[in-house]
Each structure stands twice: as structure tokens, then as C-alpha cells.
Amino acid sequence: MALTTPITPTLPEQEIRALEDQITELAAHIHAANYRLLTLIRQFDESAGWAEPGLRSCAHWLNWKCGIGLNAAREKVRVAHALGDLPKTSASFSKGEISYSKVRAMTRVATAENEEFLLTIALHGTAAHVERAVRQFTRAKRNEALDAENERHERRRVVWRVDEDGCWSLHARFTPEQGERVMKAIDAAVDEIEAEQEDVSAETSAEPDRTKPMPCPMAQKRADALERLADAFLSGGGGAVHGGDRCTVHVHTDLDTLRADGEGAESSLEDGANVSAETSRRLACDCGVVPWRESLDGETLDVGRKTRSIPPSIRRALQRRDGGCRFPGCTAHKYVDAHHIRHWADGGETKLDNLVTLCRHHHRAVHEGGFDVQMGTDGVPKFFDRRGRLIPEAPAPRFRGNVFALMTANRRSGADVSAETCVPCWHGERMDDDLVVDTLFQLGR
């Protein structure tokens, strides 16, 4: 077995102790500053301050303005909101006594009942102790939930009997997932039956028609709906359901509605509902188009072949050039649409210098949200907010402060930080995992 070469300090003992104190004191100042940062993030998110530039969430704003990775930004927003319900944790965090790493772990499972116990672990242990306690408790809760789910699954059943009058009585017990699906199917069938029975015209008298039967109670409607579901399955309509099936939305419109200066206000969908002209322009940006000629009385004269508004070759080049949504601060690279900067209905050409890829959120912001995009002379798209102000590709640099400003701000906020503030009261003893998990379960009950 190879022997490990001992490592000896290269500085005198007094200097090493001084370095230790400086590091732990500065770390405590950073912890206190992190609390202030999260408090500001919570206020900023609650007031929707991030929405003005057209971003999708506070996390996207942090990613763009503060250089924080998107996943880390989402965690900061989550922790910021969780701290609002944890006053004891917030008080300790604001003094620099516990780190963001400990708080992040605690807020995954912390409640009003177990907050004090978790805080005790954080103050007397390391971040690894807190992480392990939370991980063990989470695993135990998941196992408990799995056992309960398996028990519910074993108790599912449908039983029926025929009563003396010949009617059938059914009693069913479903798992929560099965129950949701069955009830959604029954409700959909009820809606379909009610839609078929709505035959009252606008000219019908306000007087009730006593020749028609009274409306059925909901329980009776559900019985009819269940029968319809059975009929649909027996007639071959009960095929397999495939998750993630794509659907096609049929929009019936005309060029006048699609033009920016057109007079048409709405287009119609297949089920008769209407969408606005601007929504129609967005949907037509990147879609399949079927030319359809009708006479004045609505008679079909000619139906052309379906074509893509953006040919596959141009789409491939566009995806290679843009690589995802080009809106400033957006990191989406899947499920993006190709947007015509000048719409093809207004004479815009389908070529690269008139196209830009946008995620669904920002595509809607450009069409229906009042934002604008123009292609610059350098081939880089430029985006403008609702007030016509240019949205920069990157945020303007700001003064980041320094260590001394940080310490001064902490002291002004009441954080009495020293070299011992964030050092845990741990002397190397092992943590009793079973005791921690049992205590958290009992506090939860």
C-alpha cells in the first residue's frame, strides 16, 4: 500500500489562523449578502419586474442580467419564495450564520413544523450533514408514498350487480390517476351529449316549452355518458392512446385578414371558434398552407396542394444560423417557430434575411404582445419593446461593488459578523440518520 506524503503548512501558525479568520468572516458576509439578494429577488418576482423586457420568467431575467445559469437562477427564485414562510431560517441566514447551500437544501422539505429542527442541524453541522438529512428524509417520504400508491393499486376494483327491477348497479374504486382519467372521459361525453341536445334557436320564446322533458340531473347524465363511452369502445373507437401525439390546428382565413393593413378582424377554427387577425398572422408564419377558392355563396371552386410556408432547406439553414430563440435573454432552443419579419401576406420573402427563429412565448410577444423585430444591416435581428425601445443583446455593465462595500452594507443592515459567525458547532461526531428522519416524520405528523 502506497504511503501518503504528509503535507506541512508553508506559513507560520499565526498567519494561517489569520487567513482562516479572514475567510470565515468574509464567507459570513457573503451569506448575509445572499439573504439580501434573495429578498430582493422575491420582491422583484412578486412585482413582475422582469416582465417589461418581454422575458419569460424571473429566472430568465437573472440569467440575462446577472449572468446566473438558468437552472441556478430557477433555484434562487424557488429558495427566495420559500424563505418568505420560514422566519427562523431567514433570521439566521440574514446574520450570515448559515450558508446558501444549507438554506437551499433545507427549503426542499422545510415546513413551519420542522423548520427549527432543520435549523439546529444547519447550525451544528456542515452543508453535507444538511444535504444528507434532507436526502434521507426525501427518500423515506418517497418510499412511504410508493407503498401507499401500491396499496391503492391493489385495492382497485369494479363490481356490479343486477337489482330486482333489472337495473345494474356498479361500484368502482380507482387509483387517483385512473379516477382522473375516467372522470375526464365522462365529463367530455356529458359535454358532447349536452351539445347535441342544444337545439334552441335565438327566436325561441322565453316561455318554457312544457312539451319537452325536464333536464336530467347530473348523475343521470353521467350514466348516459358512461354508456356512450362503452359504445365508442365496442364500435372500434377505443384504440391505443399514444403520449405526445402531435395535432393539427385548422385555421380558416384569407389574405385580407393576414395582411397587416387588412380589414379582416378574425379567422375561424375547425370547431367554429374565432381567433384574432394577429394570432392568425402568427400561426401562418410557420405552417402548411392549402389554397382554397370559394364562390361568393360559399361553394368550393378549387382546392390546391398543401405547401409549407417555409421550405425544409431554408428551415435547416435557419436553424443552423440561429440555433434557437433569438430574443435577447432567451435560452430556448427546442420548439421554436420561424418568424417572417415582414409577413409573407404583406409581400415579405421567405429567405434567411427575412426570417428569425422565436420560441412560442416570444413569437406571441412579437405578434400579439406589442413587441417588434427588425433585421439590422449587419444581419443581426434587433428587438424593440412595447414602447419602441431597443432591447440590448446583453445587459449594460454595472458597478459590482467590492468586499468593503459588502461588509459595510451588512453592518448597516444589522448583521454582526465575525470570524466565528458561520462556523458550525461540529466536532467530528457522526450524525444519527435514523433519528433525524424519524424526528422529521414525527414533526410532520
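Our subject is the structure that appears above.
Residues numbered from 1 in each chain as written. Predicted model: local features only at pLDDT ≥ 70, side-chain atom pairs only at ≥ 80, totals over all residues. Heavy atoms only, no water.

Engineer: Looking at this structure, I do not really get the nonpolar core. What am I missing?
Structural biologist: As a rule of thumb, nonpolar side chains are buried together in soluble globular proteins. With 53 residues, the main nonpolar core has Leu38, Phe93, Cys325 and Phe327 as its most contacted residues. Here the element with the most residues in this core is helix H3 (residues 70–83); it accounts for six residues. When near neighbours in sequence (up to four residues on either side) are disregarded, Leu38 contacts Lys76, Val79, Ala80, Leu83, Phe93 and Tyr100. (Core = buried A, V, L, I, M, F, W, Y, C linked by side-chain atoms within 4.5 Å. Buried < 20%, exposed > 50% of the residue type's maximum accessible area, 1.4 Å probe, protein only. Helix = DSSP H or I, 4+ residues; strand = E, 2+ residues; numbered from the N terminus. Contact = heavy atoms within 4.5 Å.)

Engineer: Help me understand the pairing of strand E10 (residues 336–340), please; the structure alone is not making it clear to me.
Structural biologist: Looking along a regular strand, one sees side chains alternate from face to face of the sheet. E10 sits mainly inside the fold: five of its five residues count as buried. Residues of E10 alternate between two faces, with Val336, Ala338 and His340 on one and Asp337 and His339 on the opposite face, all of them buried. Where E10 and strand E11 (residues 355–359) come together, five bridges link them in antiparallel fashion. Looking at the pairing, His339 lines up with Val356 of E11. (Pairing = 2+ DSSP bridges.)

Engineer: Any chance you could explain unusual backbone geometry here in plain terms?
Structural biologist: Negative phi values dominate among residues other than glycine, just as trans dominates among peptide bonds. At Ala48, a position not held by glycine, the phi torsion is positive, near 55°. Relative to the helices and strands, Ala48 resides in the loop between helix H1 (13–46) and helix H2 (58–65).

Engineer: When you look at the state of the cysteines in this model, what are you seeing that I'm missing?
Structural biologist: Summed over the entire model, instances satisfying the criterion amount to zero disulfides. Free of any disulfide, Cys66 has its nearest neighbouring cysteine sulfur in Cys58, separated by 8.6 Å. Residue class for Cys66 comes out partly exposed when judged on its relative accessible area of 40%. (Disulfide = S-S within 2.5 Å.)

Engineer: Any chance you could explain the environment of Asn63 here in plain terms?
Structural biologist: Structurally, Asn63 can be placed in helix H2. Distance in space between the C-alpha atoms of Asn63 and Arg74 is 9.2 Å, their sequence separation being 11 residues. If we ignore the near neighbours within four places in the chain, the residues touching Asn63 are Ile68, Gly69, Leu70, Ala73, Gly329 and Thr331. At 2.9 Å, the side chain of Asn63 forms a polar contact with the backbone oxygen of Ile68. (Polar contact = N/O pair within 3.5 Å; in protein donor to acceptor, adjacent residues only side chain to side chain.)

Engineer: Is there a simple way to think about the sheet that holds strand E13 (residues 381–384) in this case?
Structural biologist: Backbone-to-backbone hydrogen bonds pair the strands of a sheet. The strands run either parallel or antiparallel. Pairing within the open sheet is antiparallel, and its three strands lie in the order E12-E13-E14. Edge positions in the sheet fall to strand E12 (372–375) and strand E14 (390–391), since each has one partner strand and no second. Where E12 lies against E13, four bridges are found, and the strand directions are antiparallel. Across the sheet, Gln374 pairs through a bridge with Lys382, a residue of E13.

Engineer: What is the right way to read helix H4 (residues 87–94) from this model?
Structural biologist: Structural remark: α-helix, 3.6 residues per turn; residues separated by three or four positions point the same way. Within the sequence span of H4, burial applies to Thr89, Ser90, Ser92 and Phe93. The arc enclosing the buried residues of H4, seen along the axis, measures out at 165°, which places them on a common side. As for H4, its buried residues are in contact with H1, H3, helix H5 (100–106) and helix H6 (115–124). Looking one or two places after H4, you find Gly96, whose phi comes out positive at around 80°. (Arc of directions from axis to C-beta.)

Engineer: Where do I start with the packing of H1 against H3 in this structure?
Structural biologist: What describes two packed helices is the angle between their axes and the distance between those same axes. Relative orientation of the contacting elements H1 and H3 amounts to 90°, with a least axis distance of 8 Å. When the interaxial angle is binned, H1 and H3 end up roughly perpendicular. Counted together, Asn34, Tyr35, Leu38, Ile41, Arg42, Asp45 and Glu46 of H1 and Lys76, Val77, Val79, Ala80, His81 and Leu83 of H3 form the full contact between these two elements. The class makeup of the residues in the contact of H1 with H3 is seven nonpolar, two polar and four charged. (Axes fitted to C-alpha atoms, helices over the stretch in contact; angles between N-to-C directions. Parallel < 35°, antiparallel > 145°, perpendicular 65-115°, else oblique. Nonpolar A, V, L, I, M, F, W, Y, C, P; charged D, E, K, R; others polar.)

Worth remembering: the numbers are spatial, not functional.
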